[in-house]
Amino acid sequence: MTRRDQIVAATNKVQELLLEKNDAYGDSVLSPLNIFSSASAEHGIRTRIDDKLKRIKNAGLNDHTEDTLLDLVGYLVLLIIARDEGHDIPNHIRQKPASTDNSTSSSTTHKRGSFTYNG
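Just so we're clear, the structure is a prediction, and the values are computed from it rather than from any experiment.

A.B. asks: Sorry, what's going on with the packing of helix H1 (residues 3–25) against helix H3 (residues 66–84) here?
C.D. replies: How two helices sit against one another is set out by the angle between their axes and by the gap between those axes. Contact pair H1 / H3: the axes reach a minimum separation of 9 Å and the direction vectors enclose 75 degrees. Accordingly, the angle class assigned to the pair H1 and H3 is roughly perpendicular. Residue-level inspection shows Lys-13, Val-14, Leu-17, Leu-18 and Lys-21 of H1 in contact with H3, the latter providing Leu-70, Asp-71, Val-73, Gly-74, Val-77 and Leu-78. Partitioned by chemical class, the residues of the contact of H1 with H3 number seven nonpolar, one polar and three charged.

A.B. asks: When you look at the pattern of salt bridges in this model, what are you seeing that I'm missing?
C.D. replies: Pairs can form between side chains of opposite charge whenever their charged atoms are close. Going through the model one piece at a time under the given rule, you end up with five salt bridges. Of the charged contacts in the structure, one is a salt bridge between Asp-71 and Lys-21, with a shortest N-O distance of 3.5 Å. Of this pair, Asp-71 sits in helix H3 while Lys-21 sits in helix H1; the two residues are 50 residues apart in sequence, bridging distant segments of the chain. For the pair Asp-71 and Lys-21, one class covers both residues: buried. Note that Asp-67 is salt-bridged to Arg-55, the shortest N-O span being 3.5 Å. A residue pair is termed long-range when its members are at least 10 positions apart, and Asp-67 in helix H3 and Arg-55 in helix H2 (residues 41–59) qualify at twelve residues. Here the salt bridges share partners, and the residues they tie into one network are Lys-21, Lys-52 and Asp-71.

Basis of the calculations
Residues numbered from 1 in each chain as written. Predicted model: local features only at pLDDT ≥ 70, side-chain atom pairs only at ≥ 80, totals over all residues. Heavy atoms only, no water. Axes fitted to C-alpha atoms, helices over the stretch in contact; angles between N-to-C directions. Helix = DSSP H or I, 4+ residues; strand = E, 2+ residues; numbered from the N terminus. Parallel < 35°, antiparallel > 145°, perpendicular 65-115°, else oblique. Contact = heavy atoms within 4.5 Å. Nonpolar A, V, L, I, M, F, W, Y, C, P; charged D, E, K, R; others polar. Salt bridge = Lys/Arg side-chain N within 4 Å of Asp/Glu carboxyl O. Buried < 20%, exposed > 50% of the residue type's maximum accessible area, 1.4 Å probe, protein only.

Right, here's the structure in full:
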C-alpha cells in the first residue's frame, strides 16, 4: 500500500465515522439544541476536543483509545466546518459592540465516545 493509499484509507475512516454519527444524532454538533447550554457550536466542539485530548493524556494511546484518535480528527474537521459556517466566536465578538461585562458561563453535557454532546 502506498502512502497515498494509507492517507486515503485513514481519511475515509474519519469520513465514514462523521457521516454515520451525523445521521444517527441529527447534526447535533453543528446544530445544537441549546436547551441546557447557550454555547455556540464552535465552543462545544472545542470543549469536546479538549475532552479527547484529556482522555489521551490520561490513558495514553493504546488499543482502548484508538477510537479517540478518530473522534479527535472528526472534531477537528467539524471545527473547520463550524468556522466556515460562521460559528467563529472571535469574529462574532469583534462584530459586536464592546461590553464591560466580562463574565461568561456555559455548561456542557459529555457523552463519551460520540458526537451527541450539547455544548
